[in-house]
Amino acid sequence: MASWGLSGVTGDAATSLASDPFYEICCYAAGIAGNLFAFVLFISPMPTFKRILQNQSTEQFSGLPYIYSLLNCLICMWYGLPFVSYGVVLVVTVNSIGAAFQLAYISLFIAHADKQRKLKMGGLLIGVFCLFALIVYVSLAFFDHPTRMTLVGYLSVVSLISMFASPLLVINLVIKTKSVEFMPFYLSLATFLMSISFFAYGLLLHDFFIYIPNGIGTILGVVQLMLYAYYSQRSGDNYRLPLLA
């Protein structure tokens with residue numbers, strides 16, 4: 001079952017796990033669930049870009065989150081490929097799809113931004129591809145397979161953990177305002193479900209570089225849901241927020 005990427009298991013243990021149909025089904029289910037919940041997150045900026053297209057302007061929206069997300073998806077996609085790990089297929093699929101979405105969002109942002117923002121976003125986009133190309137080149141040219149997997153694995157963990165800045169900012173905002181107005185329930189739920197799915201996927205594969213960052217994401221997701229339950233009841237808010245707010 002090399003396609004699942006038994007990166008942390010070797011020898012007879014790997015052979016035993018690979019031959020277990022129930023284990024294979026569990027891996028597949030966890031990875032597919034993570035992909036589905038991630039897709040909800042990937043399409044969540046669509047209302048923002050619908051507004052940008054309608055107004056033909058990026059207004060005060062920032063394009064930086066999409067730049068960060070693109071870099072994160074590219075690094076994690078590289079980690080999942082057989083050149084680095086042992087072909088963690090469902091990590092590759094989710095991050096390749098995510099990279100395509102982020103690139104589309106960045107392209108739309110640049111197309112409708114003013115001249116100064118066009119130059120800034122264009123420069124950052126080139127920088128992302130140059131940095132990714134450098135990571136690919138260095139990891140292939142100077143490291144053997146096990147060391148390469150460790151190097152890119154740690155880069156993917158750092159990249160994923162840096163992405164948790166956004167949930168932390170939202171949590172801080174909810175506590176300060178004592179309101180869940182800016183924390184849509186279904187988006188928080190999708191984040192939690194995606195994180196816990198990939199946490200389980202990583203555990204089943206014994207892959208430290210998958211289960212550690214997604215374990216942190218799961219904890220943050222639980223905190224968000226608990227805050228939502230607490231402050232929505234306390235304030236009596238009945239926000240009818242859309243799924244993709």
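Residues numbered from 1 in each chain as written. Predicted model: local features only at pLDDT ≥ 70, side-chain atom pairs only at ≥ 80, totals over all residues. Heavy atoms only, no water.

To continue, consider the overall build of the protein chain. Each helix and strand counted, the protein chain has 10 helices and 0 strands in total. When the helices and strands of the protein chain are listed from N to C terminus, the series reads α-α-α-α-α-α-α-α-α-α. A total of 245 residues make up the protein chain; the buried ones form 45% of that total. In the protein chain, the share of contacts with a sequence separation of at least 24, taken over all contacts with a separation of at least 6, comes to 77%. For the protein chain, the accessible surface area stands at approximately 12,700 Å², while carbon and sulfur atoms represent 70% of it. (Helix = DSSP H or I, 4+ residues; strand = E, 2+ residues; numbered from the N terminus. Buried < 20%, exposed > 50% of the residue type's maximum accessible area, 1.4 Å probe, protein only. Contact = heavy atoms within 4.5 Å. Areas by Shrake-Rupley, 256 points an atom, 1.4 Å probe, with all protein chains shown as cover.)

Their axes nearest at 10 Å, the elements helix α3 (residues 46-55) and helix α5 (residues 89-112) cross at an angle of 25 degrees. It follows that α3 is roughly parallel to α5 by the angle criterion. The chirality of how α3 crosses α5 is left-handed. On α5, the residues touching M46, F49, I52 and L53 of α3 are F101, Y105, L108, F109 and H112. (Axes fitted to C-alpha atoms, helices over the stretch in contact; angles between N-to-C directions. Parallel < 35°, antiparallel > 145°, perpendicular 65-115°, else oblique. Left-handed = near helix turned anticlockwise from the far one by under 90°.)

Defined simply, a disulfide is a covalent bond joining two cysteines at their sulfur atoms. For the structure on display, the rule yields 0 disulfides. With no disulfide partner, C27 has as its closest neighbouring cysteine sulfur the one in C26, 7.2 Å distant. Residue class for C27 comes out buried when judged on its relative accessible area of 0%. Here C76 is not disulfide-linked; the sulfur of C73 is the nearest cysteine sulfur, at 7.0 Å. (Disulfide = S-S within 2.5 Å.)

Below, the discussion takes up helix α2 (residues 21-42). Under the 1.5 Å per step criterion, the end-to-end length of α2 is 31 Å for 22 residues, consistent within 8% with the ideal 32 Å. Among the residues of α2, those classed as buried are Y23, C27, A30, G31, G34, N35, A38, V40, L41 and F42. (Expected span 1.5 Å × (residues − 1).)

Moving on: the confidence of the model for the protein chain. Here the protein chain averages 83 in pLDDT, while 87% of its residues score no lower than 70. Mean pLDDT per element in the protein chain: helix α1 (residues 11-18) is the minimum at 46, and helix α6 (residues 115-142) is the maximum at 94. Confidence drops under a pLDDT of 50 for residues 1-16, and excluding neighbours within four residues, the segment shows 36 contacts in the predicted structure. Long-range and interchain partners of residues 237-245, a stretch whose pLDDT sits below 50, account for 23 contacts in this model, where long-range means more than four residues apart. (pLDDT = per-residue confidence, 0-100.)

This next bit is on the side chain of N214. Mapped onto the elements, N214 comes out in helix α10 (residues 208-235). Every residue in contact with N214, bar those within four places of it in the chain, is listed here: S195, F198 and F199.

Further remarks concern the environment of R117. For R117, the position within the fold is in helix α6. Once the C-alpha coordinates of R117 and G63 are considered, the two residues, 54 residues apart in sequence, prove to be 8.9 Å apart. For R117, the contacting residues outside a window of four places in its chain are T58, E59, Q60, F61 and F109.

Moving on to the packing of helix α4 (residues 64-80) against α5. Direction vectors running N to C along α4 and α5 enclose 155 degrees, while the axes themselves pass 8 Å from each other. Between α4 and α5, the angle is such that the two are roughly antiparallel. Where α4 crosses over α5, the two elements pack in a sense that is left-handed. Residues Y66, I67, S69, L70, N72, C73, L74, C76, M77 and G80 of α4 lie in contact with α5, whose contacting residues are V91, V92, N95, S96, G98, A99, Q102, L103, Y105 and I106. Residue classes in the contact of α4 with α5 are distributed as 13 nonpolar, 7 polar and no charged. (Nonpolar A, V, L, I, M, F, W, Y, C, P; charged D, E, K, R; others polar.)

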